[in-house]
Every structure is written in C-alpha cells, then in structure tokens.
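Summary of the model geometry
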Amino acid sequence: MRALEQGVIPGLAVLLFAGCAATSETKKPLPEPVLYEWYGDHLQGPVAITIHKSTQTAEITIGGEPAGWTMVATGKAGYETPSRLYKVIEKLEEKHSSHYGWMVDANGEVIDYDADSRKDRPPPGGKFEHAPMPYWMRLTKYGIGLHAGIIPNPGSPASKGCIRLPKTLAPILFERVQLGTPVRIVD
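The rules behind each value
- The residue numbering used here restarts from 1 in each chain and proceeds along that chain's sequence as written.
- At least 70 in pLDDT is required for a residue's local features to be given in this predicted model, at least 80 for side-chain atom pairs to be given and counted, and no such filter applies to totals for whole chains, interfaces and linings, which use all residues.
- Here the side-chain values reflect all heavy atoms present in the structure, with hydrogen atoms and water set aside.
- Elements are defined by DSSP. Helices are runs of H or I of four residues or more, strands are runs of E of two residues or more, and each kind is numbered from the N terminus.
- With a 1.4 Å probe rolled over the protein chains alone, any residue whose accessible area is under 20% of its type maximum counts as buried; one over 50% counts as exposed, and the rest are partly exposed.
- Here, residues are in contact when the closest pair of their heavy atoms is within 4.5 Å.
- Two strands are counted as paired when DSSP detects at least two bridges linking them.
- Here the axes come from fitting lines to C-alpha atoms, over the contacting stretch only for helices, and the angles between their N-to-C directions go from 0 to 180 degrees.

Quick look at the environment of glycine 68
Tracing the backbone shows glycine 68 in strand β4 (residues 65–71). A residue is classified by how much of its surface remains accessible, and glycine 68, at 6% relative accessible area, is buried. Measuring from C-alpha to C-alpha, the distance between glycine 68 and isoleucine 49 comes to 9.9 Å, with 19 residues separating the pair along the chain. In contact with glycine 68, not counting residues within four places along its chain, are Glu37, Trp38, Tyr39, Ala58, Glu59 and Ile60.

Some details on the sheet that holds strand β3 (residues 57–62)
Reading across the sheet, the 6 strands line up as β1-β4-β3-β2-β13-β5 and stay open at both edges, with mixed pairing between neighbours. Only two strands of the sheet have a single neighbouring strand rather than two, namely β1 (36–38) and β5 (84–87). Neighbour to neighbour, the strand axes of the sheet diverge by 20 degrees on average, direction disregarded. As paired strands, β3 and β4 are joined by 6 bridges and run antiparallel to one another. Bridging across to β4, threonine 61 finds its partner in proline 66.

Observations concerning the side chain of glutamate 59
Among the secondary structure elements, glutamate 59 is positioned in strand β3. In this structure glutamate 59 comes out as buried when scored by relative accessible area, which is 13%.

Section: unusual backbone geometry
Non-glycine residue glutamine 56 carries a positive phi angle of around 55 degrees. Residue position: glutamine 56 is located in the loop between β2 (47–52) and β3. Phi at tyrosine 135 is positive, roughly 60 degrees, even though this residue is not glycine. As for its placement among the helices and strands, tyrosine 135 is situated in the loop between β9 (127–132) and β10 (136–138).

Comments concerning the sheet that holds β9
Spatially, the 3 strands line up as an open sheet ordered β8-β7-β9, and their pairing is antiparallel. Lying at the two open borders of the sheet, with one neighbouring strand each, are β8 (110–116) and β9. Ignoring which end each strand starts from, the neighbouring axes of this sheet average 35 degrees apart. As paired strands, strand β7 (residues 96–104) and β9 are joined by 5 bridges and run antiparallel to one another. Bridging from a neighbouring strand, glycine 101 pairs with histidine 130 of β9.

Structure (structure tokens):
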C-alpha cells in the first residue's frame, strides 16, 4: 500500500520535529524539514499527480509507479483550491502573478507582503511587485496552477489558490510534466 494511503509519509517524523527548538544545553542546529522525496529519475511514462488537501501533500507517479511525494501549500481560507481532476494546460519556466505580490515604499522597503494589485495602491514613489511563480504549470484558465513557492507551515494551506511546491522539487517536476498531465486534487 502507498505510504500516503496508510497515513505515513517517509520523512514526516523529521518534518514534525523540525519545529521544536534546540535547547540551550544542546546548541545543535535543528534538521531542515523534509519537504519531499524524489525517486523518479529512472522511471519512464506519463506523470500523474494527486494532491491531498487534508494533509497538504502530493503523490507523484510516473508510468503508474511511485516517483515521490511532496509537501504542498494549497489555498488558505477564502482562497480554497477547488477539488477536482485537472490537466496541465500551460507551462512557463518564468511567470509572475497578475494580481498578487507585495508593496514597496519609495525607499524600496516592503510595506505589505500580501498586496493585491486590484485593491491596493502603492504610496507616492513606491511600487507594486508582482509575486514570482517560477516553474508555472497552469491548471485553469482563471489562474490556478502549480509552481515553486514558499511553504511557510508544512501541513497548512498558505496560497491564494495555487499549489505551491518546494523550490528544489519544482524544476524536477516541471521537466517531467507535459501538457495534458493529470492533476487530481482531493479533500
């Protein structure tokens, strides 16, 4: 049985303990959280991705064989990522959000990390910076896709509807995914 079906994700124990602080007695640095495991380099065939919103994880298969798993960040409250079967309809290595980003003042200091270009206006001399979404794999015409991004609290939704992938896994997956690749999002 697959690890996710059993409710066990390889490396999750490391991820869960990574949030614990090191004591002053140990002064050992905490291990980096394990955000994904990839073992699909040798596999051939079509890619399929299943995203589990309940655990904020995804399973990746290639040719029907397990190729890896990853933590993801789907849409937070008010921006929920809809559950259904999608297909990748566009791939762009470099993309920026049309609406979301951050606001900087005239000195270049960020004054709003969660700005919406449709509602928020920059101060005099300031500007709106559109959020980068590298390794973009579009799923809908209205702007939902997979892309590299920050996963601030692994296991919790954090995006405005997109599916964020770990920055080091996104280019690997981008290379393997083709137009038409199925992406199933489940609750």
